[in-house]
Amino acid sequence: QFSQLVSSDLKVLGRSSYTLCSDGQLLIRQVLHPETSKKNFLLSDCFYSFYDLRKEFHTCYPSSAAVKDQTIKTMAEYLGLGTDETEEDFGVWQVKTMVAIIFSMLSESCDHVFTEPETVKYKYETGPCSKSETVDSETVIRARGLPWQSSDQDIARFFKGLNIAKGGVALCLNAQGRRNGEALVRFVNSEQRDLALERHKHHMGSRYIEVYKATGEEFLKIAGGTSNEVAQFLSKENQVIIRMRGLPFTATQEDVLGFLGPECPVTGGKEGLLFVKYPDGRPTGDAFVLFSCEEYAQNALKKHKEILGKRYIELFRSTAAEVQQVLNRYMSTPLIPTLPTPIIPVMPPPYTIATGSIRDCVRLRGLPYTAGIDDILEFMGDATADIKPHGVHMVLNQQGRPSGDAFIQMKSADKAFMVAQKCHKKMMKDRYVEVFQCSGEEMNFVLMGGTLNRSGLSPPPCKLPCLSPPAYAAFQTAAVIPAEAALYQPQALLPTTRTPQASAAAPPTVTYYPAQAAQLYMNYTAYYPSPPVSPTTVGYIAAPPGAVAAAATATHTPILPQPGALVRMQGLPYNTGMKEILSFFQGYQ
């Protein structure tokens, strides 16, 4: 009705075109466009180009208030124009005042010319992004809580009315290559980004979307690419991208084109197909396909979970940024994952872990999970001077996270008793910590996976029948740490006097593979030795003294398994630990 009314008035004047002038941008960008998009209502062309009176006024009168502080009333007051706010009809006095302001700006004294209107993009443009591009951090946001099946066009529709940069929607993937409900969106300028932040917790369907600031580095990490093959594939603009997953490794371009059929022709035929491969050329089972229009893409999506060869194929909408992410991830994957740093047994004679029944240790229970060795030393106060070197052991759980327990080796049983009396139920970071006196044997049992409570000791769990709990005492334990960590000398945290030890103190660098690993209970907890052993978390493995000694006195040549003795396991559950792998291979040497 509005468009028809204006058009008829223009015909009377002998004109055919017009441009809207608004008080700021919110009504056009944040109200009309988002609301009509939600209601699937098409706006006429006049709503995609308009003049922002506040900006034009500030350009005409630079000494006036900043654009963000302008209102119709302040602009009128600046020009000395009166405002009649007694009009009862909504918005009438504002429009009359805007007309008066515009006439003042067009008068001969100002001679202002309206030349550069604000524009709203009709549609989101896809395109590639190079890692060498410079992305302004003031133009990027992170959207969180997206439906997992949402595409870049869906996200662009959520931000309808705001101008997204070309190729500016990057859907984030998790470690398994699946979408995680987040996206990074890049806008043409910071003004558009600030308007986007105002849509925090607006709804997409039945879900509310969280919108936060992000950085240009984060955007490039997700959307940037370096491959010429990908750049060439994405150079065809305004194409709909579909991702195919689960393809047979033997599938060819002809097989894929035949699977899609004539009802959904691929742009450029074979040129519109991109197979994802490992660095050595092996297929991953993923491919990306280009379609020239939405209709062809919809026909392709109808083939979701249809069979090709002996496998069902999954089809999803995709984006240029997702193509870059998937290619970057697979091309950076080593053919065989890098073996861990050679492990050497480190056994400084004076600092072996305590054994025996002398109660010269204390146990701290209920530590904050964020507590570190520094916090424990501060908690113990003056008693820190009575801690043995390397005497702080923080117990981790099976997931490698702090368990809230720690053991500390004191110089004598008397010192341990005094600490337990003084520090029991003392506060650390809003939590009270329980402190108990215990023996080195009890400490070792807990570090090896057992439990210690008021009812006494429970031995470590052991599925392997060949090793009974009492036999643990037969094996001397040794801390096993990465070679470079053993040579690292951090700043001393303990006040005990010590002569700096060079790397010569460490045994020869020998890769140690426990020969009887399949028959030994392997510890599933870990501890932090106090400095200077290692600045990082360290694994703790029980090993027979003979094997450790043999490794320590061996030649400098690393001891590797025989050729063909290594196997690689794929498809492990993500929570698999050493225990499960040993059980899986039980019965094999």
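Everything discussed here concerns the structure shown above.
In this text, all values refer to a predicted model and were calculated from it rather than measured experimentally. (Residues numbered from 1 in each chain as written. Predicted model: local features only at pLDDT ≥ 70, side-chain atom pairs only at ≥ 80, totals over all residues. Heavy atoms only, no water.)

Participant: What should I look at first to understand the packing of helix α4 (residues 72-79) against helix α5 (residues 92-106) in this one?
Facilitator: Each pair of packed helices can be described by the angle between their axes along with the distance between the axes. Axis separation between α4 and α5 bottoms out at 10 Å; the angle between their running directions is 40°. The angle between α4 and α5 places the two elements in the oblique class. Considering how the two elements wind past one another, α4 and α5 form a crossing that is left-handed. Touching Ile72, Met75, Ala76 and Leu79 of α4 are Trp93, Gln94, Thr97, Met98, Ile101 and Ser104, all from α5. (Axes fitted to C-alpha atoms, helices over the stretch in contact; angles between N-to-C directions. Helix = DSSP H or I, 4+ residues; strand = E, 2+ residues; numbered from the N terminus. Parallel < 35°, antiparallel > 145°, perpendicular 65-115°, else oblique. Left-handed = near helix turned anticlockwise from the far one by under 90°. Contact = heavy atoms within 4.5 Å.)

Participant: Is there a simple way to think about the sheet that holds strand β11 (residues 240-245) in this case?
Facilitator: Sheet strands line up and pair through hydrogen bonds in the backbone, either parallel or antiparallel. Spatially, β12-β13-β11-β15-β14 is the arrangement adopted by the five strands of the open sheet, whose pairing is antiparallel. The sheet is open, and its two borders are formed by β12 (273-277) and β14 (306-308), each paired with just one other strand. Averaged over all adjacent pairs, the angle separating strand axes in this sheet is 35°, with direction ignored. Relative to strand β13 (residues 283-291), β11 is paired through six bridges, and the arrangement is antiparallel. (Pairing = 2+ DSSP bridges.)

Participant: I tried to follow the side chain of glutamate 56 on my own but got confused; where do I start?
Facilitator: By the secondary structure assignment, glutamate 56 is in helix α3 (residues 53-60). Put simply, glutamate 56 is tucked away with no salt bridge, and the nearest opposite charge, on lysine 55, sits 8.4 Å away. (Buried < 20%, exposed > 50% of the residue type's maximum accessible area, 1.4 Å probe, protein only. Lys, Arg positive; Asp, Glu negative; His and termini not counted. Salt bridge = Lys/Arg side-chain N within 4 Å of Asp/Glu carboxyl O.)

Participant: So what exactly am I meant to see when it comes to the packing of aromatic side chains here?
Facilitator: Any pair of aromatic rings gets described here by the distance separating the centres and the angle formed by the planes. Following the criterion strictly, the structure yields ten aromatic pairs and no others. Taking 6.2 Å as the distance between ring centres and 40° as the angle between the ring planes, the aromatic pair formed by phenylalanine 2 and phenylalanine 47 counts as tilted. Note that phenylalanine 2 is positioned in helix α1 (residues 2-13) and phenylalanine 47 in the loop between α2 (26-38) and β2 (49-52), a separation of 45 residues in sequence. By relative accessible area, which is 42% here, phenylalanine 2 ends up partly exposed. A relative accessible area of 12% means that phenylalanine 47 is categorised as buried. Between phenylalanine 158 and phenylalanine 159 the ring centres are 4.9 Å apart and the planes differ by 85°, which places this aromatic pair in the edge-to-face class. Residue class for phenylalanine 158 comes out buried when judged on its relative accessible area of 10%. Every member of this aromatic cluster is reached through a ring pair, and the members are Phe57, Tyr61 and Tyr78. Across the ring face of phenylalanine 379, the terminal group of lysine 426 is positioned such that the distance to the ring centre comes to 5.2 Å. (Phe/Tyr/Trp six-rings, centres within 6.5 Å; stacked < 30°, edge-to-face > 60°. Lys NZ or Arg CZ within 6 Å of the ring centre and 35° of its normal.)

Participant: Can you walk me through unusual backbone geometry in this structure?
Facilitator: As a rule of thumb, non-glycine residues mostly have phi less than zero, and peptide bonds are mostly trans rather than cis. Of note, the phi angle at asparagine 40 is positive, near 55°, even though the residue is not glycine. Under the relative-accessibility criterion, asparagine 40 is labelled exposed at 61%. The phi dihedral of lysine 429 is positive, around 50°, even though this residue is not glycine. Structurally, lysine 429 can be placed in the loop between β20 (426-428) and β21 (431-438). Its relative accessible area of 43% is what places lysine 429 among the partly exposed residues.

Participant: Would you take a moment to explain the side chain of aspartate 405 for this structure?
Facilitator: Examined against the element boundaries, aspartate 405 turns out to sit in strand β19 (residues 402-410). In this structure aspartate 405 comes out as buried when scored by relative accessible area, which is 11%. Every residue in contact with aspartate 405, bar those within four places of it in the chain, is listed here: Arg363, Leu364, Arg365, Gly366, Leu367, Met394 and Val395.

Participant: Looking at this model, I keep getting lost on the nonpolar core. Mind explaining?
Facilitator: Generally speaking, soluble globular proteins have nonpolar side chains that are buried together. By size, the foremost hydrophobic cluster in this structure holds 23 residues, and its most contacted members are Leu364, Ile376 and Met380. At the level of secondary structure, the elements contributing two or more residues to this core comprise β17 (361-365), α13 (373-380), β18 (387-396), β19, α14 (413-423) and β21. Here this core gets five residues from one element, more than from any other, and that element is α13. Residue contacts for leucine 364: discarding those within four places in its chain leaves Ile376, Phe379, Gly404, Asp405, Ala406, Ile408, Val433, Glu434 and Val435. (Core = buried A, V, L, I, M, F, W, Y, C linked by side-chain atoms within 4.5 Å.)

Participant: Looking at this structure, I do not really get helix α10 (residues 253-260). What am I missing?
Facilitator: Since the α-helix packs 3.6 residues into each turn, any two residues three or four apart lie on the same face. Listed as buried for α10 are Val256, Phe259 and Leu260. Angular distribution of buried residues about the axis of α10 spans 95°; they occupy a single face of the element. Packed against the buried residues of α10 are β11, β12, β13, α11 (294-301), β14 and β15 (311-318). In the stretch just after α10, glycine 261 is the one whose phi turns positive, near 80°. (Arc of directions from axis to C-beta.)

Participant: I would appreciate a short explanation of the environment of glycine 177 in the present structure.
Facilitator: Looking at where glycine 177 falls in the secondary structure, it is placed in the loop between β6 (164-173) and β7 (179-187). Accessibility expressed as a relative area gives 8% for glycine 177, which makes it buried. Taking the C-alpha atoms as reference points, glycine 177 and glutamine 325, 148 residues apart in sequence, are found 8.6 Å from one another. Excluding its chain neighbours within four sequence positions, the residues that come into contact with glycine 177 are Arg243, Arg245 and Arg329.

Participant: Explanation requested: the pattern of salt bridges in the structure shown.
Facilitator: Pairs can form between side chains of opposite charge whenever their charged atoms are close. The full count for this structure, using the stated rule, is 27 salt bridges. Between lysine 55 and glutamate 118 there is a salt bridge whose closest N-O contact spans 3.0 Å. Of this pair, lysine 55 sits in helix α3 while glutamate 118 sits in strand β3 (residues 118-119), and the two are 63 residues apart along the sequence. For lysine 55, a relative accessible area of 24% corresponds to the partly exposed category. Linking glutamate 125 and lysine 121 is a salt bridge whose minimum nitrogen-to-oxygen distance equals 3.9 Å. Note on glutamate 125: relative accessible area 31%, which makes it partly exposed. Exposure remark for lysine 121: the relative accessible area of 28% places this residue in the partly exposed category. One salt-bridge network, in which partners are shared between bridges, spans Arg29, Lys55, Glu118 and Glu191.

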